[in-house]
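# Geometric and topological summary
Take a look at the letters that make up each chain.
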Amino acid sequence: MKLLNYDKRTLIMQNVKSAEKNPTPDKYTKTQYRILCNLIQRKHIKTQFFDFIISGLFEKTDWKTLNYSEMFTLIHVLANWDFEKER
């Protein structure tokens, strides 16, 4: 009798497992740091260009103050930057 008081959507959603997201860390991880170091070495990124990217994307001067998502964005930009393209 109790089931008659609920609509179908509520009954279905009560039996579905909720997706639990892990909280993102406040700082970048060691793995992100290693990936960043490898990218800098492999693509021969100069300090001047690196500082330009940091200040342009995040308006910061020190890369050590980046959080997890900002470091993710930085790695994505450096990994997919077209260094061969002539302007």
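Residues numbered from 1 in each chain as written. Predicted model: local features only at pLDDT ≥ 70, side-chain atom pairs only at ≥ 80, totals over all residues. Heavy atoms only, no water.

## Some points on the overall build of the chain
Summing up its helical and strand segments, the chain has four helices and zero strands in all. Traced from its N-terminal end to its C-terminal end, the chain shows the element sequence α-α-α-α. A principal-axis box enclosing the C-alpha atoms of the chain has dimensions of 70 × 30 × 25 Å. Within the span of the chain, comprising 87 residues, buried residues form 17% of the whole. Accessible surface, the chain: about 7,800 Å² in total, of which carbon and sulfur atoms supply 53%. If the 15 positive side-chain charges of the chain are averaged to one point and the 10 negative ones to another, these points end up 8 Å apart. (Helix = DSSP H or I, 4+ residues; strand = E, 2+ residues; numbered from the N terminus. Buried < 20%, exposed > 50% of the residue type's maximum accessible area, 1.4 Å probe, protein only. Areas by Shrake-Rupley, 256 points an atom, 1.4 Å probe, with all protein chains shown as cover. Lys, Arg positive; Asp, Glu negative; His and termini not counted. Charge placed at Lys NZ, Arg CZ, Asp CG, Glu CD.)

## A few points about the confidence of the model for the chain
Summing up the model confidence of the chain, the mean pLDDT is 86 and the portion of residues at 70 or higher is 91%. Taking the mean pLDDT of every element in the chain, the minimum, 77, falls on helix H1 (residues 8-14) and the maximum, 95, on helix H2 (residues 30-43). (pLDDT = per-residue confidence, 0-100.)

## Quick word on the packing of aromatic side chains
For the coordinates displayed, the defined rule picks out three aromatic pairs. Pairing Tyr28 with Trp63 gives two aromatic rings, centres 5.6 Å apart and planes at 40°, and the pair type is tilted. Of this pair, Tyr28 sits in the loop between H1 and H2 while Trp63 sits in the loop between helix H3 (47-58) and helix H4 (68-80), and the two are 35 residues apart along the sequence. Taking the centre distance of 5.4 Å and the plane angle of 65° together, the rings of Phe49 and Trp81 count as edge-to-face. With Phe49 in helix H3 and Trp81 in the segment after H4, this residue pair connects regions lying 32 residues apart in the sequence. Residue class for Trp81 comes out partly exposed when judged on its relative accessible area of 33%. Ring-pair connections join several aromatic residues into one group, and the members of that group are Tyr28, Tyr33 and Trp63. (Phe/Tyr/Trp six-rings, centres within 6.5 Å; stacked < 30°, edge-to-face > 60°.)

## Topic: the nonpolar core
Of all hydrophobic cores here, the largest spans 13 residues; its most connected members are Leu36, Phe50, Ile54, Leu66, Met71, Leu74 and Leu78. If you list the elements that add at least two residues to this core, you get H2, H3 and H4. In contact with Leu78, not counting residues within four places along its chain, are Leu36, Leu39, Lys43, Ile45, Phe49, Phe50 and Phe83. (Core = buried A, V, L, I, M, F, W, Y, C linked by side-chain atoms within 4.5 Å. Contact = heavy atoms within 4.5 Å.)

## Considerations on H4
For H4, spanning 13 residues, the distance from its first C-alpha to its last is 18 Å, which sits close to the expected 18 Å at 1.5 Å a residue. Where H4 is concerned, the buried positions are Glu70, Met71, Leu74, Ile75 and Leu78. Down the axis of H4, the smallest arc covering the buried residues is 135°, so these residues share one side. When the buried face of H4 is taken as reference, the exposed residues oriented beyond 90 degrees from it are Phe72 and Asn80. Looking at the buried residues of H4, the elements they touch are H2 and H3. (Expected span 1.5 Å × (residues − 1). Arc of directions from axis to C-beta.)

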